[in-house]
Amino acid sequence: MKKSNIKWIIKITLISLVAAAVFALASTEILGNTGYFVSFAILAAFVIIGIVFDVIGIAVTAADEAPFNSMAAHRQKGALEAQRLAKNASKVTCYCNDVIGDVTGIVSGTTAALIAARLMEGFNSETLLFPVLISAVVTALTVGGKAIGKILAFSKSTEIVLGVGKFFAFIRVMPFAKAEKKT
């Protein structure tokens, strides 16, 4: 195995560790002080984030680099960033699908379990209805959302990757991005 691959594996593992810790800590802290509506909104946010990043990861893998080369030559906004995404598809896919996608999947499961436990406590119930129902719904929404997302990612890969490229181009011209470049 190449030294650069080993460095990438170590880097992505550490990023996963930090992302999981941040998401889990945020979820646990926020859920401890909120009502059911906010708890379910946080759970939905984790599911949606997982789906969105899965779509981006698949789109980058499916995208052909040639259109971005042409767009970049014509100085289309976001094309250079999209070109970089497409060139680094394996790393982008690993980050989007494995780091963010898997971490949000695991944390959404933990969040669902915490909500189910609170519901059982609140209703003074020992039945497994809440954990089973919440787990089943979260799983169905995640799998169904990712299935729809994959169809979209394969059919609209160029548009999706360009959209992400435009987002990165926008971020780069923000004042805080300029300040980081100078230091």
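Before any of the text, the structure's been laid out above.
Small disclaimer: the values here were computed from a predicted structure and weren't measured.

**Student:** Just checking my understanding: could you explain unusual backbone geometry for this structure?
**Tutor:** The bulk of non-glycine residues show a negative phi, and the bulk of peptide bonds are trans. Even without being glycine, Arg75 reaches a positive phi, approximately 55°. Structurally, Arg75 is set in the loop between helix 3 (66-73) and helix 4 (79-87). Located in the positive-phi region is Asn124, a residue other than glycine, with phi close to 45°. Following the sequence through the fold, Asn124 ends up in the loop between helix 5 (89-122) and helix 6 (129-155).

**Student:** How do you make sense of the nonpolar core when you look at a structure like this?
**Tutor:** Here is a general trend for soluble globular proteins: nonpolar side chains tend to be buried in one another's company. Core analysis: the biggest nonpolar cluster contains 30 residues, and Val60, Phe68, Ile134 and Val161 have the highest contact counts within it. Elements that contribute at least two residues to this core include exactly helix 2 (36-62), helix 3, helix 4, helix 5, helix 6 and helix 7 (157-172). For this core, the element with the highest residue contribution is helix 2, accounting for eight residues.

**Student:** Would you explain a nonpolar patch on the surface in this entry?
**Tutor:** Taken together, Met1, Ile6, Ile9, Ile10, Leu14, Leu17, Val18 and Val22 make up a surface patch of nonpolar side chains, about 810 Å² in accessible area. The residue Ile10 is located in helix 1 (residues 3-32) in this model.

**Student:** Sorry, what's going on with the environment of Asn97 here?
**Tutor:** Residue placement: Asn97 occurs in helix 5. Assessed through its relative accessible area of 12%, Asn97 is described here as buried. Sequence separation of Asn97 and Ile51 is 46 residues, and the distance between their C-alpha atoms is 9.0 Å. Excluding residues within four positions of it along the chain, Asn97 makes contact with Phe53, Asp54, Gly57, Ile58 and Asp102.

**Student:** Would you mind showing me how to read the pattern of salt bridges here?
**Tutor:** Pairs can form between side chains of opposite charge once their charged atoms are near each other. Tallied over the full model, the rule gives two salt bridges. Residue Lys150 pairs with Asp54 through a salt bridge whose shortest N-O separation is 2.8 Å. Placement of Lys150 in helix 6 and of Asp54 in helix 2 is noted, with a sequence separation of 96 residues between them. By relative accessible area, Asp54 is classed as buried at 6%.

**Student:** How do you make sense of helix 1 when you look at a structure like this?
**Tutor:** Because the α-helix completes a turn every 3.6 residues, residues three or four places apart line up on one side. If you check helix 1, its first and last C-alpha atoms are 43 Å apart, about what 30 residues at 1.5 Å a residue would give, namely 44 Å. Turning to helix 1, its buried residues are Trp8, Ile12, Ala19, Ser27 and Leu31. Elements in contact with the buried residues of helix 1: helix 2 and helix 5.

**Student:** Looking at this structure, how should I read the environment of Ala62?
**Tutor:** Of note, Ala62 is situated in helix 2. Along the backbone, Ala62 and Ser155 are 93 residues apart, and their C-alpha atoms lie at a distance of 8.9 Å. Sequence-distant contacts of Ala62, defined by excluding residues within four places in its chain, comprise Ala153, Phe154 and Ser157.

**Student:** Is there a simple way to think about the side chain of Ser39 in this case?
**Tutor:** Here Ser39 lies in helix 2. According to the relative accessible area criterion, Ser39 is buried, its value standing at 0%.

**Student:** What am I meant to see in the packing of helix 5 against helix 6 here?
**Tutor:** To characterise two packed helices, one gives the angle between the axes of the helices and the distance between these axes. Two elements in contact, helix 5 and helix 6, have axes separated by 8 Å at closest approach and are oriented at 155°. As the angle between them shows, helix 5 and helix 6 are arranged roughly antiparallel. Helix-helix and strand crossings are classified by hand; for helix 5 and helix 6 the assignment is right-handed. Where helix 5 approaches helix 6, its residues Gly101, Ser108, Ala112, Ile115, Ala116, Leu119 and Met120 are matched on the opposing element by Phe130, Pro131, Ile134, Val138 and Lys146. Split by residue class, the contact of helix 5 with helix 6 holds nine nonpolar, two polar and one charged.

Rules and cut-offs
- Residues numbered from 1 in each chain as written.
- Predicted model: local features only at pLDDT ≥ 70, side-chain atom pairs only at ≥ 80, totals over all residues.
- Heavy atoms only, no water.
- Helix = DSSP H or I, 4+ residues; strand = E, 2+ residues; numbered from the N terminus.
- Core = buried A, V, L, I, M, F, W, Y, C linked by side-chain atoms within 4.5 Å.
- Buried < 20%, exposed > 50% of the residue type's maximum accessible area, 1.4 Å probe, protein only.
- Patch = residues over 30% accessible without salt bridge, like charges linked within 9 Å, V, L, I, M, F, W, Y side chains within 5 Å.
- Areas by Shrake-Rupley, 256 points an atom, 1.4 Å probe, with all protein chains shown as cover.
- Salt bridge = Lys/Arg side-chain N within 4 Å of Asp/Glu carboxyl O.
- Contact = heavy atoms within 4.5 Å.
- Expected span 1.5 Å × (residues − 1).
- Axes fitted to C-alpha atoms, helices over the stretch in contact; angles between N-to-C directions.
- Parallel < 35°, antiparallel > 145°, perpendicular 65-115°, else oblique.
- Left-handed = near helix turned anticlockwise from the far one by under 90°.
- Nonpolar A, V, L, I, M, F, W, Y, C, P; charged D, E, K, R; others polar.

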